[in-house]
Structures are given as C-alpha cells and as structure tokens.
Amino acid sequence: MSEMPFGFTWCYEETEDEDEQCLVLIIGDPEEVPPLDIDISNILSDKAIAIRPIDGVTQPDADHYHFKLAFLPGMLAVPSEIAVESADWLVSSVSNQNEDSIYLLWTGAETSLAPQSE
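Residues numbered from 1 in each chain as written. Predicted model: local features only at pLDDT ≥ 70, side-chain atom pairs only at ≥ 80, totals over all residues. Heavy atoms only, no water.

J.: Hey, could you go over the nonpolar core for me, with residue numbers and the actual values?
T.: A general trend in soluble globular proteins is that nonpolar side chains are found buried together. Counting 13 residues, the largest nonpolar core has Phe-6, Ile-40, Ile-51, Phe-67, Trp-89, Leu-104 and Leu-113 as the members making the most contacts within it. Of all the secondary structure elements, the ones that give two or more residues to this core are strand E4 (49–51), strand E5 (67–71) and strand E7 (100–106). A total of three residues in this core trace back to one element, the largest contributor, which is E7. Among all residues touching Leu-104, those that are not within four sequence positions of it are Pro-60, Tyr-65, His-66, Phe-67, Leu-69, Val-84, Trp-89, Leu-90 and Val-91. (Core = buried A, V, L, I, M, F, W, Y, C linked by side-chain atoms within 4.5 Å. Buried < 20%, exposed > 50% of the residue type's maximum accessible area, 1.4 Å probe, protein only. Helix = DSSP H or I, 4+ residues; strand = E, 2+ residues; numbered from the N terminus. Contact = heavy atoms within 4.5 Å.)

J.: So what's going on with the sheet that holds strand E1 (residues 6–12)? Residues and values would help.
T.: If you trace the three strands from one edge of the open sheet to the other, you get E2-E1-E3, paired in antiparallel fashion. If you trace the sheet from one side to the other, it starts and ends with strand E2 (21–22) and strand E3 (36–42), each paired once. By the bridge criterion, seven bridges tie E1 to E3 in an arrangement that is antiparallel. Within E3, the position partnered with Phe-6 by the bridge is Asn-42. (Pairing = 2+ DSSP bridges.)

J.: Which residues make up unusual backbone geometry, and what values do they have?
T.: Comment: phi is negative for the bulk of residues other than glycine, and the bulk of peptide bonds are trans. For Leu-23, which is not a glycine, the phi torsion comes out positive at approximately 60°. Mapped onto the elements, Leu-23 comes out in the loop between E2 and E3. With relative accessibility at 53%, the residue Leu-23 sits in the exposed group.

J.: Can you lay out a negative patch on the surface for me, pointing to particular residues and giving the numbers?
T.: Together, Glu-13, Glu-14, Glu-16, Asp-17, Glu-18, Asp-19, Glu-20, Asp-37 and Glu-85 make up a region of like negative charge exposed at the surface. Mapped onto the elements of the fold, Asp-37 is located in strand E3. Given a relative accessible area of 38%, Asp-37 falls into the partly exposed group. (Patch = residues over 30% accessible without salt bridge, like charges linked within 9 Å, V, L, I, M, F, W, Y side chains within 5 Å. Areas by Shrake-Rupley, 256 points an atom, 1.4 Å probe, with all protein chains shown as cover. Salt bridge = Lys/Arg side-chain N within 4 Å of Asp/Glu carboxyl O. Lys, Arg positive; Asp, Glu negative; His and termini not counted. Charge placed at Lys NZ, Arg CZ, Asp CG, Glu CD.)

J.: Give me the sheet that holds E7: which residues, what numbers.
T.: The three strands lie next to each other as E5-E7-E6, forming an open sheet whose pairing is antiparallel. Strand pairing shows two members of the sheet lacking a second neighbour, E5 and strand E6 (89–95), which therefore form its edges. Across the sheet, the mean angle separating the axes of adjacent strands is 20° when strand polarity is ignored. In the sheet, E6 pairs with E7 via seven bridges, with the strands oriented antiparallel. Residue Leu-90 lies in a different strand from E7, and its bridge partner there is Leu-105. (Axes fitted to C-alpha atoms, helices over the stretch in contact; angles between N-to-C directions.)

J.: Tell me about the pairing of E7, and please be specific about residues and values.
T.: Burial runs high along E7: seven of the seven residues are buried. Of the two faces of E7, the one holding Asp-100, Ile-102, Leu-104 and Trp-106 and the one holding Ser-101, Tyr-103 and Leu-105 are both buried throughout. In terms of strand pairing, E5 meets E7 through five bridges, oriented antiparallel. Paired with Leu-69 across the bridge in E7 is Ile-102. Count of turn residues in the E6/E7 antiparallel hairpin: four residues.

In structure tokens, the structure reads:
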C-alpha cells in the first residue's frame, strides 16, 4: 500500500469580491480571509479506505488523530482558532518552533473513501 494514499485539496469559499480560490494560502488578517474547505480523497485506484473512530479517544492530540497537517511556523494566523463545521470531526493544534500542527480526529460512524476513479 502507498505510504500516502490520501489526496488533499483546499479552496477558499467564494466571496462577494473573489471567486473560489484553490490550492493557495491567502495571507491577511484572519477576519478578512474567507473560510477554507479541505477535501480529503483516496488516491488509490483499487482499494477503499475505511476511517474508523479510535476507541476511547475523544480529543485529537499528537498521539491520537487521523490526519495531521503541518505548516511552517507563522504560516497560519492563529492555529488555535481553527474550527471545523462537522459534528464528526474534531480539531486541535500544537505550535512549536518547528511547525504548527493541526490534528483532525474522526468521531463519527465508520466511513469509507472510495478508490479514485480513472
């Protein structure tokens, strides 16, 4: 199996002044930057990937998460204020001199990411 079977794309939501902007990071004051939508996909062509909740884990941290997104320090305006708009995902952040880490934890029922279609 591939070490990295996931694809990530991100887009800033369309605003009155701008069209949807994808695969860039906007620099600006947090209150002026539109919400960011992140899509996680399965890039394998032949296998579905199951995402299951982790038994007994109720908060994401450096030891318990499904996805970790790492950014250079200062790339994100306020990592601790990042939120998700889903009851099934929880988010937390840790910042140090090397990186700002965002941890995502799936808490919903088992779900599956279908293989990438050709």
